[in-house]
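Read off the chains here:
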Amino acid sequence: MSTTEAVERESEPESDDRWESVRDMPPSAKLVAKILDYEDTLTQSQIAEESLLPPRTVRYALSRLEDEGAVDSRFSFSDARKRLYTLNI
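Residues numbered from 1 in each chain as written. Predicted model: local features only at pLDDT ≥ 70, side-chain atom pairs only at ≥ 80, totals over all residues. Heavy atoms only, no water.

Across the sheet, which stays open at both edges, the 3 strands sit in the order β1-β3-β2 with antiparallel pairing between neighbours. The open sheet has two edge strands with one neighbour each: β1 (41-43) and β2 (71-75). When strand polarity is set aside, the average angle formed by the axes of neighbouring strands in this sheet is 30 degrees. In this fold helix α3 (residues 44-51) packs onto β1 and β3 (83-87), with an angle of close to 95 degrees to the strand it touches most, β1. Each of β2 and β3 is contacted by helix α4 (residues 55-68), which is oriented at about 110 degrees to β2, the strand it contacts most. (Pairing = 2+ DSSP bridges. Helix = DSSP H or I, 4+ residues; strand = E, 2+ residues; numbered from the N terminus. Axes fitted to C-alpha atoms, helices over the stretch in contact; angles between N-to-C directions. Contact = heavy atoms within 4.5 Å.)

Below, the structure is given as structure tokens:
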């Protein structure tokens, strides 16, 4: 690594550190995380609609994000069959 690269890495803003847990995940998980970053709280079907990803891919991405602690989920009070997902980073 050159000196220039080291200085550039040190000068990166602290806000990028919050994405560290998501950085090595599949593209679908990164997309779901970014959508939750913009939209705050969504159901699984709303995430699928926003991302244009198949529901199965969204389920996989959410499970990966939950395993890393990047996403919180809770039951919806309006419909207990649904879960609401919120970004936790």
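Text resumes after the structure shown.
Now for helix α2 (residues 27-39). Under the 1.5 Å per step criterion, the end-to-end length of α2 is 18 Å for 13 residues, consistent within 8% with the ideal 18 Å. Every buried residue of α2 is accounted for by Ser28, Ala29, Val32, Ala33, Ile35 and Leu36. The buried residues of α2 all sit within an arc of 160 degrees when viewed along its axis, so they share a single face. Exposed and oriented more than 90 degrees from the buried face of α2 are Pro27 and Tyr38. For α2, the secondary structure elements touched by its buried residues are β1, α3, α4, β2 and β3. Just beyond α2, the residue with positive phi is Asp40, at close to 75 degrees. (Expected span 1.5 Å × (residues − 1). Buried < 20%, exposed > 50% of the residue type's maximum accessible area, 1.4 Å probe, protein only. Arc of directions from axis to C-beta.)

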